[in-house]
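One letter stands for each residue in the lines below.
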Amino acid sequence: MFKYTIGIMKILGIESSCDETAASVVEDGYRLLSNVVASSMDLHIQYGGIVPEVAARSHIEVIIPVIKQALSNADCTWEDIDGIAVTYGAGLGGSLLIGVLTARTLAIIHNLPLYAINHVEGHVYANFLIDTTLPGYSLSDRRPVFPMLALIVSGSHTQLALFKDHFDYRLLGQAQDDAIGEAFDKVARLIGLPYPGGPQVEKLAKEGDPNAFILPKARMEGKYDFSFSGPKTAVLRVAQAEAGKSYDFPSLKLSGLLSESQKANIAASFQNSAIETVVDKTIEAFEEFNPASVVIAGGVAASPELRRQLGNRLSQPITYTDPKLCTDNGAMIATLGCFKAKHKQPLADPYTLDIEPSLSM
Ligand code: KG4
Ligand code: ZN
């Protein structure tokens, strides 16, 4: 039997699906009490992408201090915590395993209910945080209402989902190849910018002309499906043409031949076209399904250009969550954990919960 505090519920969220080791305490699914994120990104930059073994080793080293810090920042002891929520998929196997085994052990030691969280669903729930005791957060003052259209744009996912209610949604469409964040990262690499590429492309794009190059948008069979592999290759062709090189020239050598203004024009044109692609489909889905609210989620949701284009084109006011809650964090996991607890969703077994690296929505 588990204890439940009547009224107020505090859930500890643990996230370790990629390179961030993160923990957070969220109260009642709307108030953020702490949000600690340790990233091993500095260790991966030299390789131009995440090295799974390095990420897993780093999770092991920092996960306990990160959790302790999250409890301390929330002014909590284990006595105050009503449950643990942990990401069990999708993500890197070794990385997920550290978070899941830690959460399982803590749930057993402290006799707490355990909630298994789908990372991508978790991203959506960052939008339900509307209050915090922490400084430096800009949150929406309104909770999303149902039916809710969610555009999920991250390093590994590009999806449109329609939520009728909590735990009652359908996927309208998704990326059939590269995710939008992955395409940002690859374009960044092509023009010599470090990983992760999205924020770097965003910065350089400010210096460039978004209409310098007209990039193709993929036509998909599924109305709400996406493809970013073709547009990414189109950017490679532009870079080759600008550098005066043929198709077989090594792509990683191109950046050395491009001027700063050529690179800025490539960054601006790609950003404009990739963002327009996801906004086009979001607007189409909005017109077809007439949702009561629209949310954006995942790392690319931090993009000011996405916020600008969507805000300009949507006929309904939209609010966005703090960019710090768009990239991977424990708060989104804790928030969804709170709703799982409130809605009496099935508990995970702390003795058997396994990871699901290719879990989908
Ligand atoms: O959600 P996330 O932290 O990790 C995954 O679950 O994949 O998303 C990371 C992705 C990376 O591809 C990164 O380049 C992209 O989000 N990203 C951005 C921006 N900030 C992060 N992409 C475009 N503009 C940004 N400002
Ligand atoms: Zn993520």
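Parameters and conventions
Residue indices begin from 1 for each chain and proceed along its sequence in written order. Chain A is the first chain written and ligand 1 is the first ligand written, with later ones labelled in order. Residues qualify for local features only when their pLDDT is at least 70, as the model is predicted, and side-chain atom pairs are given and counted only at 80 or more; totals for whole chains, interfaces and linings, by contrast, use all residues. Derived side-chain values reflect all non-hydrogen atoms in the structure, with water molecules and hydrogen atoms excluded from consideration. Near, as used in this document, describes a residue that has one of its heavy atoms within 4 Å of the molecule or strand being considered. Whenever two N or O atoms come within 3.5 Å, that pair is a polar contact, provided that in protein one can donate a hydrogen and the other can accept it, and provided that, for residues adjacent in sequence, both atoms are side-chain atoms. Per-residue accessibility takes into account occlusion by the displayed protein chains alone, with areas from the Shrake-Rupley method and a 1.4 Å probe. In this description a helix means any DSSP run of H or I spanning at least four residues, a strand means any run of E spanning at least two, and both kinds are numbered starting from the N terminus. Throughout, the ten residues Ala, Val, Leu, Ile, Met, Phe, Trp, Tyr, Cys and Pro are labelled nonpolar, Asp, Glu, Lys and Arg are labelled charged, and all others, Gly among them, are labelled polar. Note: metal donors comprise N, O and S atoms at 2.8 Å or less from the metal (3.2 Å for Na, K and Ca); water molecules are not included, so apparent gaps in a site are possible. Residue burial is assigned from relative accessible area. The probe radius is 1.4 Å, only protein chains are included, and a residue is buried under 20% of its type maximum, exposed over 50%, and partly exposed in between. One less than the residue count of a helix, multiplied by 1.5 Å, gives the span that helix is expected to have. In what follows, a contact means two residues having at least one pair of non-hydrogen atoms within 4.5 Å. An automatic or database domain assignment supplies the start and end points of every domain. Here the quantity called buried area is the accessible surface, traced with a 1.4 Å probe, that two parts lose on coming together, added over both. One speaks of a salt bridge when a side-chain nitrogen belonging to Lys or Arg is within 4 Å of a carboxyl oxygen belonging to Asp or Glu. Two strands qualify as a pair provided that DSSP identifies no fewer than 2 bridges between them. Note on terminology: disulfide denotes any pair of cysteine sulfur atoms within 2.5 Å.

> I'd like a rundown of the site of ligand 1, residues and numbers included.
Inspection of the region around ligand 1 gives 19 residues, with G155, D185, G198, E202 and G299 positioned closest. At 3.3 Å from an oxygen atom of ligand 1 is found a main-chain nitrogen or oxygen belonging to S156. At a separation of 3.1 Å, an oxygen atom of ligand 1 approaches a polar backbone atom of D328. Compared with its free state, where it exposes 560 Å², ligand 1 has 91% of that area covered by protein. For the shell around ligand 1, the elements supplying multiple residues, two or more each, are α4 (119-125), α5 (180-190) and α6 (197-205). In terms of residue class, the shell around ligand 1 is built from 4 nonpolar, 12 polar and 3 charged.

> Which residues make up the coordination of the zinc ion (ligand 2), and what are the values?
In the first shell of the zinc ion (ligand 2), the protein supplies H119 (NE2), H123 (NE2) and D328 (OD), at 2.0 to 2.1 Å from the metal. Between the donor residues of the zinc ion (ligand 2), the gaps in sequence give the motif H-x3-H-x204-D. One end of the pair, H123, is in helix α4; the other, D328, is in the loop between α9 (304-313) and α10 (331-342), with 205 residues separating them in the sequence. Take D328: its relative accessible area is 15%, and that puts it in the buried class.

> Explain helix α3 (residues 93-109) to me, using residue names and the numbers behind them.
Over its 17 residues, α3 extends 24 Å from the first C-alpha to the last, a length consistent with the 24 Å expected when each residue adds 1.5 Å. Among the residues of α3, S95, L96, I98, G99, V100, T102, A103, R104, L106 and A107 are the ones counted as buried. On its buried side, α3 packs onto β1 (10-15), α2 (52-73), β4 (83-89) and β5 (114-118). Just beyond α3, the residue with positive phi is N111, at close to 50°.

> I'd like a description of the domain arrangement of the protein, backed by residues and values.
Size of an interface, as often reported, equals the accessible area lost when the parts are brought together. Splitting the protein by domain gives domain 1 (10-140 + 323-342) and domain 2 (168-319). Each partner contributes residues to the interface: domain 1 has 14 residues there, and domain 2 has 13 residues. Interface of domain 1 and domain 2: buried area, both sides summed, is about 1,100 Å²; carbon and sulfur atoms make up 65% of it. Viewed at the interface, domain 2 and domain 1 are joined by 0 salt bridges. For the pair domain 1 and domain 2, the interface holds 4 residue pairs in polar contact (both at pLDDT 80 or more). At 3 residues, the largest contribution of residues to the side of domain 1 that touches domain 2 is made by α4.

> How would you sum up the sheet that holds β4? Please name residues and give values.
With mixed pairing, 6 strands are arranged side by side in an open sheet as β5-β4-β1-β2-β3-β6. Strands with a single pairing partner mark the edges of an open sheet, and in this sheet they are β5 and β6 (131-132).

> Break down the side chain of Q309 for me, citing the residues and quoting the values.
One can find Q309 in helix α9. At a separation of 3.4 Å, a polar atom in the side chain of Q309 contacts the main-chain amide nitrogen of E276. The contact partners of Q309, leaving out residues within four places of it in the chain, are N272, I275, E276 and V279.

> Provide a residue-level description of the state of the cysteines, including the pertinent values.
One pass over the full model with this rule turns up 0 disulfides. Unpaired in terms of disulfides, C326 finds its nearest cysteine sulfur in C18, a separation of 16 Å. Lacking any disulfide linkage, C338 is separated from the closest cysteine sulfur, that of C76, by 11 Å.

> Now, about the pattern of salt bridges: what can you tell me, with residues and values included?
Taken as a whole and assessed by the stated rule, the structure comprises 15 salt bridges. Taking the shortest distance from any N to any O, the salt bridge between K164 and D168 comes out at 4.0 Å. A relative accessible area of 63% means that K164 is categorised as exposed. Notably, a salt bridge pairs E260 with K263, separated by 3.5 Å at the nearest N-O pair. Of this pair, E260 and K263 both sit in helix α8 (residues 260-289), 3 residues apart, which is roughly one turn of that helix. The class of E260 is exposed, set by a relative accessible area of 52%. Connected through shared salt-bridge partners, K10, E27, R31 and D131 make up one network.

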